[in-house]
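Take a look at the letters that make up each chain.
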Amino acid sequence: MPLHDKNSIRDLVDDEIYASSDMSVSMPKYKFPLQEHSPRDVYSAVHDELMLDGNSRQNLATFCQTWAEPEVHKLMDECMDKNMVDKDEYPQTAEIEGRCVHMLADLWNSPDAANTIGCSTTGSSEAAMLGGMAMKRAWEAKRKAAGKSIDKPNLVTGPVQVCWHKFARYWDIELREVPMEGDRLILNAEEVVRRCDENTIGVVPTLGVTFTCQYEPVKEIADALDQLQESTGLDIRMHVDGASGGFLAPFCAPDLVWDFRIPRVKSINASGHKFGLAPLGVGWAIWREEADLPEEEIFWVNYLGGNMRDIALNFSRPGGQIVCQYYNFLRLGHEGYRKIHTACYETAKYIAGEVAKLGPFDVIYDGDMASGIPALCWKLKEGVDPGFSLYDFADRLRARGWQVPAYSLPPKREDLAIQRILVRHGVSRDLGSLLVEDMKRAIDYYKSHPVHTPMSADEASGFHH
Ligand SMILES: *Cc1c(COP(=O)(O)O)cnc(C)c1O
């Protein structure tokens, strides 16, 4: 349930919050303030409100960064005024963005990393939108050149993050989302090929599926599409949603072939603010080669007397996150990213081992470096009634501040509820063992206080992707 709805706000509209130390200063909550207030009073009021947000370090639902080095805080402060769109006024920030693009193209094995094309975005959602639009434009150009219609585009994916549902809806594209089936919770090549036809603008495998955290088999799908091209002539491009995996596989699964080493992979998106370890608000969209981004998607803006590409959807955008992304690239390099992420995988494995020992749970994914991201998920053992649902379990853990979401899977496994933990930089082994202790306490609690009416998904904390 949302914290506020119209009616409850109407009831509270005359409520006031109190800020000054002697409680004499009041401020309105929902009406636009009539007077000004002192910075100290306002700061303490706002600061206190934020306390109720909970502790982000114990938020094991998010993929996003919740820990940063002091130097990152400093750089963010120094960059408060940098607008990413003002490439003329902040040419060095623009240069830094460009360097990051080439570093990523290099990391993802672009055959022409120094010359390829890409941009920063506010996150993977915007980057996915850009990658999706390029697929659509490229498909349209090919169809037009062949004198064919362009009114029925479709996109083939596995169980995707909501940004792809948005892309399909905003651009009137039929989303052919391969449903889960039995124990197959990700995409496979056979199911992809079955859904491809002349109207398919592209195929999007995910490197780190939101629901179960596993990598989809990019290479196997690419090989199947090669075969499809041989037998039918259909040449279907791929975009990899590497929101999480794009910043993990290059360091921790270097032999996994998923990136621009596969010629059919024309573009990749990744979230800098997830395993890229940058502060919230940065993602990346990179194309394999310059020619893979259709001209129609590029706006040319005048920049220091020259012409500069503008690809992103937003106009004004903060530059600090991009500067800090660059800081991280220099600060960590391959070595540092590998160390940090490897520690996270080890912690995920450790927690998964402990969760398996608790009794009522079956681990579905245990944080295996070669097959997914540093995370784990589990379900209740079949045919066993532990006296609680996963939603109850999540609720009980929340009492100690842990946010460990329970949710049901997408079609056609809505029947299956699972629980998931993301292990990020800052979720240490120590924190993991404290969590396991609290899990044991929660199970014991339900042993002595069995739940007669288990909590349903609707009543649970409302975690959505
Ligand atoms: C998080 C995520 C997204 C959306 O990324 P944002 O950076 O939050 O916009 C897209 N796809 C996958 C697989 C994700 O995990």
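Residues numbered from 1 in each chain as written. Predicted model: local features only at pLDDT ≥ 70, side-chain atom pairs only at ≥ 80, totals over all residues. Heavy atoms only, no water.

In the nomenclature of an unreviewed UniProt entry, the chain corresponds to Glutamate decarboxylase from the organism Roseimaritima multifibrata. The UniProt entry for the chain carries the following text under Catalytic activity (unreviewed entry): "L-glutamate + H(+) = 4-aminobutanoate + CO2". The heading Sequence similarities (unreviewed entry) in the UniProt record of the chain holds the text "Belongs to the group II decarboxylase family." (UniProt positions renumbered as here; feature names shortened; annotations may be inferred.)

The next subject is the domain arrangement of the chain. How big an interface is tends to be expressed through the accessible area that disappears when the partners come together. As far as domains go, the chain holds domain 1 (6-53) and domain 2 (73-329). Taking only C-alpha atoms, the centre of domain 1 and the centre of domain 2 are 42 Å apart. (Domains from an automatic or database assignment.)

The next subject is helix α12 (residues 429-448). With 20 residues, α12 extends 29 Å between its outermost C-alpha atoms, agreeing within 8% with the 28 Å of an ideal straight helix rising 1.5 Å per residue. Among all positions in α12, only L431, G432, L435, V436, D438, M439, A442, I443 and Y446 are buried. Here the buried residues of α12 occupy an arc of 165 degrees about the axis, which is enough to place them on one side. Among the exposed residues of α12, those pointing more than 90 degrees away from its buried face are D430, K447 and S448. For α12, the elements touching its buried residues are α10 (320-357), β12 (361-365), β13 (375-380), α11 (390-398) and β15 (417-422). (Helix = DSSP H or I, 4+ residues; strand = E, 2+ residues; numbered from the N terminus. Expected span 1.5 Å × (residues − 1). Buried < 20%, exposed > 50% of the residue type's maximum accessible area, 1.4 Å probe, protein only. Arc of directions from axis to C-beta. Contact = heavy atoms within 4.5 Å.)

Let's shift gears to the UniProt feature "modified residue: N6-(pyridoxal phosphate)lysine" (unreviewed entry) in the chain. Residues annotated in UniProt with the feature "modified residue: N6-(pyridoxal phosphate)lysine" (unreviewed entry) correspond here to K274. Among the structural elements, K274 can be located in the loop between β8 (265-271) and β9 (283-287). Leave out the neighbours within four places in its chain, and K274 touches F63, C64, Q65, A243 and S244.

What follows concerns the nonpolar core. Soluble globular proteins tend to pack their nonpolar side chains together in the buried interior. Within the largest apolar cluster, 68 residues are counted, with the highest numbers of intra-cluster contacts made by W108, V203 and I373. By residue number, the principal contributor to this core is α10, which donates seven residues. Residues A348, A352, L358 and V423 belong to the second largest nonpolar core, which totals 31 residues. (Core = buried A, V, L, I, M, F, W, Y, C linked by side-chain atoms within 4.5 Å.)

In the vicinity of the ligand there are 13 residues, among which S124, S125, D241, H273 and K274 approach most closely. D241 places a polar side-chain atom, nitrogen or oxygen, 2.7 Å from a nitrogen atom of the ligand. The side chain of S271 places a nitrogen or oxygen atom 2.8 Å from an oxygen atom of the ligand. Notes on the ligand: free accessible area 380 Å², of which the protein chains cover 88%. Taken together, the residues that form the shell around the ligand break down as two nonpolar, nine polar and two charged. (Near = heavy atom within 4 Å. Polar contact = N/O pair within 3.5 Å; in protein donor to acceptor, adjacent residues only side chain to side chain. Areas by Shrake-Rupley, 256 points an atom, 1.4 Å probe, with all protein chains shown as cover. Nonpolar A, V, L, I, M, F, W, Y, C, P; charged D, E, K, R; others polar.)

Here P411 and K412 are connected by a cis peptide whose omega angle stands at -10 degrees. Positive phi, normally seen in glycine, also occurs at N109, with a value near 60 degrees. Structurally, N109 is set in the loop between α4 (91-107) and β3 (118-121). Overall, the relative accessible area of 33% leaves N109 in the partly exposed class. One non-glycine residue, D172, lies in the positive phi region at around 55 degrees. Overall, D172 belongs to the exposed group, its relative accessible area being 66%.

This next bit is on the packing of α4 against α10. Their axes nearest at 9 Å, the elements α4 and α10 cross at an angle of 45 degrees. Our classification of the angle between α4 and α10 gives oblique. The two elements α4 and α10 meet at a crossing, and its hand is left-handed. Of the residues in α10, those touching α4 at T93, I96, E97, R99, C100, M103, L104 and L107 are I322, V323, Q325, Y326, F329, L330 and H334. The class makeup of the residues in the contact of α4 with α10 is ten nonpolar, three polar and two charged. (Axes fitted to C-alpha atoms, helices over the stretch in contact; angles between N-to-C directions. Parallel < 35°, antiparallel > 145°, perpendicular 65-115°, else oblique. Left-handed = near helix turned anticlockwise from the far one by under 90°.)

Turning to the packing of aromatic side chains, a few remarks are in order. Throughout the structure, instances matching the rule amount to twelve aromatic pairs. With 5.9 Å between their ring centres and 80 degrees between their planes, W164 and F167 make a pair best called edge-to-face. Note that W164 and F167 are positioned in helix α6 (residues 162-170) at a spacing of three residues, about one turn of the helix. Of the two residues, W164 and F167, neither departs from the other in class, the shared state being buried. When the centroid spacing of 4.8 Å and the interplanar angle of 10 degrees are considered together, the rings of F251 and Y337 count as stacked. Of this pair, F251 sits in helix α9 (residues 249-252) while Y337 sits in helix α10; the two residues are 86 residues apart in sequence, bridging distant segments of the chain. The exposure classification of F251 matches that of Y337, with both residues buried. An aromatic cluster of at least three residues, connected via ring pairs, comprises W108, F247, F251, W258, F329 and Y337. Across from the ring centre of F63, 4.7 Å away, lies the NZ or CZ of K274, which sits over that ring. (Phe/Tyr/Trp six-rings, centres within 6.5 Å; stacked < 30°, edge-to-face > 60°. Lys NZ or Arg CZ within 6 Å of the ring centre and 35° of its normal.)

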